[in-house]
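Each chain, letter by letter, is given below.
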Amino acid sequence: MPITAERTYKSKGGVIIRRKSRNADYAAGTSEWMDRLDRQRGAVLSSSYEYPGRYTRWDMALANPPLLIESNDRKITIQALNERGCVLMPAVTGALEGHEDIAEFSADEYRIDLTVKTPDRAFSEEERSRQPSTFSVVRTLVDLFSCDDDQLGLYGAFGYDLTFQFEPINQKLQRPDDQRDMVLFLPDEILIVDHYGRKAHVLEYDFEFNAKTTDGLPRDGEETPYKPATETPGRGDHEPGEYADLVRSAVDYFKRGDLFETVPGQVFYEPCSNPPSAVSRRLQQINPSPYSFFINLGSAEYLVGASPEMYVRVTGGRRVETCPISGTIRRGKNAIEDEAQIRKLLNSTKDEAELTMCSDVDRNDKSRICVPESVRVIGRRQIEMYSRLIHTVDHIEGTLLDGKDALDAFLSHTWAVTVTGAPKRWAMQFIEDHEKSPRAWYGGAIGAVLFNGDMNTGLTLRTVRIKDGVAQIRAGATLLYDSIPEDEEAETELKASAMIAAVREAGLALTSEEEVVKAKPGKGKKILLVDHEDSFVHTLANYFRQTGAEVVTYRSPVLDEVFDRVNPDLVVLSLVQARRRTLIVQQPLSGRVLVNCRSSVFVLACKR
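Now for a quick tour of the structure. If you're wondering where the values come from, they're calculated on a predicted model, not measured in any experiment.

### Remarks on unusual backbone geometry
- Geometrically, the link from Thr 414 to Trp 415 is a cis peptide bond, its omega value of -25 degrees lying close to zero.
- Take Trp 415: it is sitting in the loop between helix 8 (406–412) and strand 23 (421–422).
- Across the junction of Ser 556 and Pro 557, the peptide omega takes the value 0 degrees, indicating a cis bond.
- Examined against the element boundaries, Pro 557 turns out to sit in the loop between strand 29 (550–555) and helix 14 (560–566).
- For Ala 211, which is not glycine, the phi dihedral falls at a positive 70 degrees.
- Locating Ala 211 in the fold gives a position in the loop between strand 12 (199–209) and strand 13 (212–213).
- Even without a glycine there, the phi angle at Arg 381 is positive, about 50 degrees.
- Turning to its location among the elements, Arg 381 is positioned in strand 21 (residues 376–385).
- Overall, the relative accessible area of 13% leaves Arg 381 in the buried class.

### Thoughts on the environment of Tyr 291
- In this fold, Tyr 291 is placed in strand 16 (residues 291–298).
- Residue Tyr 291 is classed as buried on the basis of its relative accessible area of 4%.
- For Tyr 291 and Thr 134, which are 157 residues apart along the polypeptide, the C-alpha to C-alpha distance reads 24 Å.
- Not counting chain neighbours up to four residues away, the residues in contact with Tyr 291 comprise Ser 46, Tyr 55, Gly 305, Ala 306, Ser 307, Glu 309, Met 310, Arg 313, Asn 456, Thr 457 and Gly 458.
- For Tyr 291, the side chain forms a polar contact with the side chain of Asn 456, separated by 2.7 Å.

### Overview of the layout of surface pockets
- Reported here for the largest pocket is a volume of approximately 640 Å³.
- Around the largest pocket, the lining is made up of 32 residues, and of these Thr 56, Trp 58, Met 60, Gln 151 and Asn 456 lie nearest the centre.
- Among the elements of the structure, strand 3 (42–47), strand 4 (58–63), strand 11 (189–194), strand 16, strand 18 (310–315), strand 24 (445–450) and strand 25 (455–459) are those that each provide at least two residues to the lining of the largest pocket.
- If you tally residues by element for the lining of the largest pocket, the top one is strand 24, at four residues.
- For the lining of the largest pocket, a count of residues per class yields 15 nonpolar, 10 polar and seven charged.
- In this model, the second largest pocket occupies a volume close to 440 Å³.
- At the level of elements, strand 20 (325–330), helix 6 (335–346), helix 7 (349–367) and helix 10 (485–504) are the ones that each hand at least two residues to the lining of the second largest pocket.
- The element that contributes the greatest number of residues to the lining of the second largest pocket is helix 10, accounting for five residues.
- Of the residues in the lining of the second largest pocket, the class split is five nonpolar, three polar and nine charged.

Each value, and the rule that gives it
- Chains are numbered independently. Their residues run from 1 in the order of the written sequence.
- In view of the model being predicted, local features appear only for residues whose pLDDT reaches at least 70, and side-chain atom pairs are presented and counted only at 80 or more, with totals across whole chains, interfaces and linings using the full set of residues.
- As a rule here, side-chain values come from all non-hydrogen atoms in the structure, and water together with hydrogens is ignored.
- Numbering of helices and strands runs from the N terminus; a helix is a DSSP stretch of H or I covering at least four residues, while a strand is a stretch of E covering at least two.
- Buried means the residue's accessible area, taken with a 1.4 Å probe over protein chains only, is under 20% of the maximum for its type, while exposed means over 50%, and partly exposed covers the values in between.
- Two residues form a contact once any of their heavy atoms are found within 4.5 Å.
- Two N or O atoms form a polar contact when they lie within 3.5 Å of each other; inside protein one atom must be a possible hydrogen donor and the other a possible acceptor, and for residues adjacent in sequence the pair counts only when both atoms belong to side chains.
- Space inside and on the surface of the protein is sampled on a 1 Å grid over the protein atoms alone, with a cavity defined as a set of points where a 1.4 Å probe fits but cannot get out and a pocket as an open set with protein on both sides within 12 Å along at least 5 of 7 lines; lining residues have an atom within 4 Å of a point.
- Grid points are joined across faces, edges and corners, and a volume is the space filled by probe spheres set on the points.
- Residues are grouped as follows: nonpolar covers Ala, Val, Leu, Ile, Met, Phe, Trp, Tyr, Cys and Pro; charged covers Asp, Glu, Lys and Arg; every other residue, Gly included, is treated as polar.

Structure follows, in structure tokens:
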């Protein structure tokens, strides 16, 4: 593969970073990388949804990263996953050892274990994101590798429980011992797929520190094949009707004024016999989204998602964007029904109130870290359409104050009001008190914290968490004073349906194109369409061709030589009722079936 000219950066922490680019097969896209993630750590991130000024189509992937950063509460581990990672460990150790926010620290050439201090003083709301937390370590690593490269950074997932380092929530749910609240990778190889230019390339990074270099070292790592669960899981953590009861219990909170809205969820379980890559492929087929992701987190845990919602995006190091979503209705069967559903959604005072509340809280979050006059709504109740749902979305922006960075923007929004509620702290306590299982990754974020100061993250929604071979799908609904319990429960089931279908239908994603063609019922058949001056016949021809049949259309009258030349297996004759055309059959046919098609009647006839 051709290699482009090398770019070299020296990071703020003194790490030499060299970047090369090689061409990749655009047609293959991320397919090979997805297969690798069934057994290797890494991530595939993509956007298959477009919205002017907001979302464009792109794909990227990474596998076998040299460094892993993971946390459980305030305990953090940084691990070299191969020899290339060992080259970076002295730089990481030097940046973190003696850090004022770290209470305990131990390190060797492969691993760092540390504990972040608990804050020992009060922090103002404007500086809350700078108190000792897991993000003290993340910020130090971003500072260490800070450079102008626009792709290199920390990629991965941020769990829901990270917010408890900033919000004093009384935890009542038992957390599993192996729960991780954050998993981030520092990659040294990134696939970039450009759908506008219809091209792809791989960025290869080498690092040098203290006269040691990764140049020439293999880009390898641990491989662990996926293993499905041996036992069948139950339905989920709620029985039918239980979520509706939860909605009823929230009414008293609304009456007292403790809550304005809250967003509890329920979990559905599914056996996952197919590999996670197949689930991801199927979910992309049936539910395109602006934040699709497939992440192998290691330790037999995978995230497969099709999130519709931006969490926090920072561009140019200063501009902050969010796109809160609230207001949901089922898609129609066609464009005409969609239009009716859109009008119903836009005329819903409940859905309007939901989104207004979310955007008000979102602006509150930005006001802590943004230039005051810069916080504004630039898109109001805009319609976004997905495979099974229609949403109303606001688009809000702000400009970071001097001295604030992307992590300040990220932390000021933890977690989005669209998955918690308002007032945020009370809503999160309600969720902790009334949900039946810890959220883990749900309601957190996935994406990248880039070393050039930018950030792109999506909210962890519409996500399948695969743990030890079992798929877990959590879905919630926004509850207000006038919520109808049965409707809210139905909404959670609707939101989960695409993910459940992706798990159940993952085997279809493994079917080759040749097998799909072979499965078409019309393949090998010839159909003659006789047009009695009714153009609908051409739409019908389109439908028949979708079955794999070979279709040809002639206007009436059809000569015998046409029948002889085409030799059709089926003949379809159109009858225009308005003109009372006489049907002329020029060849003996049997097995006629009348088919009503709106303005016309068609006779489907089979040859003797």
